[in-house]
Amino acid sequence: MTRTYTPKASEVSRSWVIIDATDVVLGRLASHAAVILRGKNKATFTPHMDMGDFVIIINAEKVALTGSKLDQKKAYRHSGYPGGLTAVSYSELLEKNPERAVEKAIRGMLPKNSIGRAQLKKLKVYAGSEHPHAAQQPVPYTLTQVAQ
């Protein structure tokens, strides 16, 4: 009888991946990053454990949105008080805080529980091309996509 292999927390090996977001569509970037953060690209993926790698995203200010989403799509947040819903267009959000736009897209593709919160902590987003994680020796990850 074959037994299903279940990895232990001590057996998890994490690497660092760097993604350049220049002219990459936001949704495509978010789905690839979410797969790496969850660890679904590994053969030892287990849904009840945090198996993923660390993801560094640089040039978040140069991310692309297709169609007229730049002006029409809204990013919502709520203060927790009645009437506290605030909406900001993505053009304004990318201008003021591009890291938040990328983090928001990736957060929506992760599980909504304690494992998803732990996976989100392994995401590092930077607006420019500089990042302080050179000591971790991140491996470049290239996205294959059709030109827009």
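Conventions and cut-offs
Within each chain, residue numbers correspond to sequence positions counted from 1 in written order. Two thresholds apply to this predicted model, a pLDDT of at least 70 for residue-level local features and 80 or more for giving and counting side-chain atom pairs, whereas whole-chain, interface and lining totals are computed over all residues. In computing side-chain properties, one takes all heavy atoms of the structure into account and sets aside hydrogens as well as water. Each helix corresponds to a stretch of at least 4 residues labelled H or I by DSSP, and each strand to a stretch of at least 2 residues labelled E; elements are numbered beginning at the N terminus. In these tables, accessible area is a Shrake-Rupley quantity obtained with a 1.4 Å probe, and a residue counts as shielded only by the protein chains included in the view. Two residue types count as positive, namely Lys and Arg, and two as negative, namely Asp and Glu; His and chain ends fall outside the count. In this description, the location of a charge corresponds to atom NZ of lysine, CZ of arginine, CG of aspartate or CD of glutamate. Both site types are read off a 1 Å grid over the protein atoms alone. A 1.4 Å probe that fits but cannot get out defines a cavity, while an open set with protein on both sides within 12 Å along at least five of seven lines defines a pocket; lining residues have an atom within 4 Å of a point. Grid points are joined across faces, edges and corners, and a volume is the space filled by probe spheres set on the points. Side-chain classes follow a simple rule in which Ala, Val, Leu, Ile, Met, Phe, Trp, Tyr, Cys and Pro form the nonpolar group, Asp, Glu, Lys and Arg form the charged group, and the remainder, Gly included, forms the polar group. Classification of ring pairs rests on two measures: the distance between centres of Phe, Tyr or Trp rings, Trp counted by its six-membered ring, which must be within 6.5 Å, and the angle between planes, read as stacked under 30 degrees, edge-to-face over 60 and tilted in between. Residue burial is assigned from relative accessible area. The probe radius is 1.4 Å, only protein chains are included, and a residue is buried under 20% of its type maximum, exposed over 50%, and partly exposed in between. Here a polar contact is taken to be a pair of N or O atoms separated by no more than 3.5 Å, where protein atoms must pair a possible hydrogen donor with a possible acceptor and residues adjacent in sequence count only if both atoms sit in side chains. Throughout, a contact is declared for two residues whenever any of their heavy atoms are within 4.5 Å. At least two bridges found by DSSP between two strands are what make those strands a pair. Here, axes are lines fitted to C-alpha atoms. For helices the fit covers the stretch in contact, and angles between N-to-C directions go from 0 to 180 degrees.

(A) Here's a closer look at the overall build of the chain. A count of helices and strands for the chain gives 5 helices and 6 strands. In sequence order, the chain lays out its α and β elements as β-α-β-α-β-β-α-α-α-β-β. About 9100 Å² of surface is accessible on the chain, with carbon and sulfur atoms providing 52% of the total. Across the chain, the mean location of the 21 positive side-chain charges is 11 Å away from that of the 12 negative side-chain charges.

(B) The arrangement of the layout of surface pockets in detail. A volume near 230 Å³ is recorded for the largest pocket. If you go around the largest pocket, the residues you meet are Ala75, Tyr76, Arg77, Val88, Glu92, Leu93, Lys96, Asn97, Arg100, Lys104 and Arg107. Sorting the residues of the lining of the largest pocket by element identifies β3 (74-78), α3 (90-96) and α4 (98-107) as the ones contributing at least two each. The residue makeup of the lining of the largest pocket, split by class, is 4 nonpolar, 1 polar and 6 charged.

(C) Highlighting the packing of aromatic side chains. Evaluated as defined, the whole model comprises 1 aromatic pair. Aromatic side chains tryptophan 16 and phenylalanine 54 sit 4.3 Å apart centroid to centroid with 5° between the ring planes, which places their arrangement in the stacked category. Of this pair, tryptophan 16 sits in strand β1 (residues 16-20) while phenylalanine 54 is found in strand β2 (residues 54-58), placing the two residues 38 residues apart along the sequence. Judged by relative accessible area, which is 16%, tryptophan 16 ranks as buried.

(D) Expanded view of the side chain of aspartate 50. Locating aspartate 50 in the fold gives a position in the loop between α1 (26-38) and β2. Overall, the relative accessible area of 18% leaves aspartate 50 in the buried class. In this structure the side chain of aspartate 50 is engaged in a polar contact, spanning 2.6 Å, whose partner is the side chain of lysine 122. Apart from residues lying up to four places away in sequence, aspartate 50 is in contact with Val12, Arg14, Leu37, Ala118, Gln119 and Lys122.

(E) Inspection of the sheet that holds β2 at higher detail. Ordered in space as β5-β2-β1-β6, the 4 strands form an open sheet in which the pairing is parallel. Looking at the sheet topology across the chains shown, the edges are occupied by β5 (123-125) and β6 (139-141). Direction aside, the axes of adjacent strands within the sheet are offset by 25° on average. As paired strands, β1 and β2 are joined by 5 bridges and run parallel to one another. Bridge pairing links valine 17 to valine 55 in β2. Sitting on the sheet, α1 touches β1, β2, β5 and β6, and the angle it makes with β2 is about 155°.

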